[in-house]
Amino acid sequence: MEQLDCCAAPKAEAARVPCPGCGANGKPVGEETVQGLLIPEALAALGVQGRSFCRTASCPVLYFAADGSVAHKAQARVRVGMKETEGPRPLCYCFGHTYEDVAAEVAGGGACSIPTLITAEVRAGRCACERMNPAGNCCLGEVNRAVKEARVAVGLPLDGPSPRAPVVPDERRP
Ligand SMILES: [Zn+2]
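This one's a predicted model, so the numbers in the text were calculated from it and none came from an experiment.

(A) Local environment of the overall build of the chain. When its secondary structure is counted, the chain shows six helices and six strands. The linear arrangement of helices and strands in the chain, starting from the amino end, is β-α-α-β-β-β-β-β-α-α-α-α. For the chain, restricting intrachain contacts to residue pairs at least 6 apart in sequence, the fraction spanning at least 24 positions comes to 58%.

(B) Quick peek at the sheet that holds strand S4 (residues 70–72). Taken in spatial order, the four strands of this open sheet run S1-S2-S3-S4, and their pairing is antiparallel. Here the strands that pair on one side only, and so sit at the sheet edges, are strand S1 (27–28) and S4.

(C) Focus on helix H3 (residues 99–107). Tyr99, Asp101, Val102, Ala103 and Val106 are the residues of H3 that are buried. On its buried face, H3 sits against strand S5 (90–92), strand S6 (97–98), helix H4 (114–123) and helix H6 (140–153).

(D) The arrangement of the pairing of strand S3 (residues 61–64) in detail. Direction of pairing for strand S2 (residues 52–53) relative to S3: antiparallel, over a ladder of two bridges. What sits directly across from Phe53, in S3, is Tyr63. Relative to S4, S3 runs antiparallel, the two sharing three bridges. Residue pairing for S4: Phe64 is matched across the bridge by Val70. Counting the residues in the hairpin turn of S3 and S4 gives five residues, including Gly68, whose phi is positive at 90°.

What counts and how
- Residues numbered from 1 in each chain as written.
- Predicted model: local features only at pLDDT ≥ 70, side-chain atom pairs only at ≥ 80, totals over all residues.
- Helix = DSSP H or I, 4+ residues; strand = E, 2+ residues; numbered from the N terminus.
- Contact = placed C-beta atoms within 7 Å.
- Pairing = 2+ DSSP bridges.
- Buried ≥ 20, exposed ≤ 12 C-beta atoms within 10 Å, placed from the backbone.

This is the structure we're talking about:
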């Protein structure tokens, strides 16, 4: 049975509001993410309850809280790739891959080694997405989306066979 506590914080779900900048629903983010990404003044001005990340590319609001306070992308310690239109647009914040890296690889042969490289680093426990990625989660979903977009941009089918096989070094090969 749940204990009553007059000082308990309200449930985060109940406090969710849409982004004041674009009206879209945000994605909940944790303390570690806003602390890792925001400059101190912006962190201090952002409400504590119901903190969310705005995923809308054209919206300058990076984080917002249930009290209507916001932190803009210009107040982040990094360029927020998904909210920029000019390169370099960071895509993987832990290992430094950009949207331009993905586009160049795809344009150069159709295949993209970046998701494989990131997967290997994640498996080795070397990622720090919670405090490095503005979205507060692993970048692989967005990386795979960027690969598909890059394929469409050069006229390749989304998931079809690549004109050239990916070059993946395999040490176990005889
Ligand atoms: Zn927004």
